[in-house]
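Close look at the chain arrangement
Here is how the chains run, residue by residue.
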Amino acid sequence: MLKDFKEFIAKGNVMELAVAVIIAGAFATIVASMTTDLIMPLVGAVFGNVDFSDKYIVLSGEVEAGMSLEAAREAGANVLAWGSFISTVINFLILAFVIFLLVRYAKKVQERFEKEEEAKPEEPAGPSEIDLLTEIRDALKK
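What comes next is a walk through the structure. No experiment lies behind these values; they were computed from the predicted model shown.

There is a patch of nonpolar side chains on the surface, built from Ile 57, Leu 59, Leu 80 and Trp 82 and spanning about 370 Å² of accessible area. One can find Trp 82 in helix 4 (residues 82-119). Given the relative accessible area of 33%, Trp 82 is considered partly exposed.

Structure (structure tokens):
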């Protein structure tokens, strides 16, 4: 079983997948920062300087007006953090769009390579074994 596992790990696809997962994790952090630090402040400015990260509805518990989401949670309140949810949805949409663009590009590249393979003229097969033997026989007759 250990031998099979080593063979499985040694295959190129597994290593490529591991690299892709690491890069995707780093990219997700960048997208989260872009959403939190760039997009949401712009959206908040459009809607009247609203900070969506602290938008929530108190479902149960005592919370002072204007308290941050984190403080409300620490106070033991049960909150519906709709602002945080909106940020997460925007993160998802950005990641999904980038993945769509990557898959679309990869598909175009693959189609281009397939067309190039189809366009290549086939090389002549060369003489068959019988033709070669016939040539040798004729050369020996001379």
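Don't stop here, the text continues.
This part covers the nonpolar core. Judged by nonpolar contacts, Tyr 56, Leu 69, Ala 72, Ala 77, Val 79 and Ala 81 together constitute the single largest core of 6 residues. What Tyr 56 contacts, discounting residues up to four positions off in sequence, is Val 63, Met 67, Ser 68, Leu 69, Ala 72, Val 79, Leu 80, Ala 81 and Trp 82.

On to helix 5 (residues 129-141), then. The terminal C-alpha atoms of helix 5, which comprises 13 residues, lie 18 Å apart, in line with the 18 Å expected from a rise of 1.5 Å per residue. When you tally the buried positions in helix 5, you get 0 out of 13 residues, a small fraction of the element.

Each α-helix turn comprises 3.6 residues. Residues three or four places apart therefore point the same way. Here helix 4 is 38 residues long and its end C-alpha atoms lie 55 Å apart, about the 56 Å a rise of 1.5 Å per residue gives. Those residues of helix 4 not exposed but buried are Gly 83, Ser 87, Asn 91, Ile 94 and Val 109.

Where like charges cluster on the molecular surface, the negative patch consists of Asp 51, Asp 54, Glu 70 and Glu 74. With respect to the helices and strands, Glu 70 occurs in helix 3 (residues 69-74). Under the relative-accessibility criterion, Glu 70 is labelled exposed at 58%.

Conventions used here
Residues numbered from 1 in each chain as written. Predicted model: local features only at pLDDT ≥ 70, side-chain atom pairs only at ≥ 80, totals over all residues. Heavy atoms only, no water. Patch = residues over 30% accessible without salt bridge, like charges linked within 9 Å, V, L, I, M, F, W, Y side chains within 5 Å. Areas by Shrake-Rupley, 256 points an atom, 1.4 Å probe, with all protein chains shown as cover. Salt bridge = Lys/Arg side-chain N within 4 Å of Asp/Glu carboxyl O. Helix = DSSP H or I, 4+ residues; strand = E, 2+ residues; numbered from the N terminus. Buried < 20%, exposed > 50% of the residue type's maximum accessible area, 1.4 Å probe, protein only. Core = buried A, V, L, I, M, F, W, Y, C linked by side-chain atoms within 4.5 Å. Contact = heavy atoms within 4.5 Å. Expected span 1.5 Å × (residues − 1). Lys, Arg positive; Asp, Glu negative; His and termini not counted. Charge placed at Lys NZ, Arg CZ, Asp CG, Glu CD.

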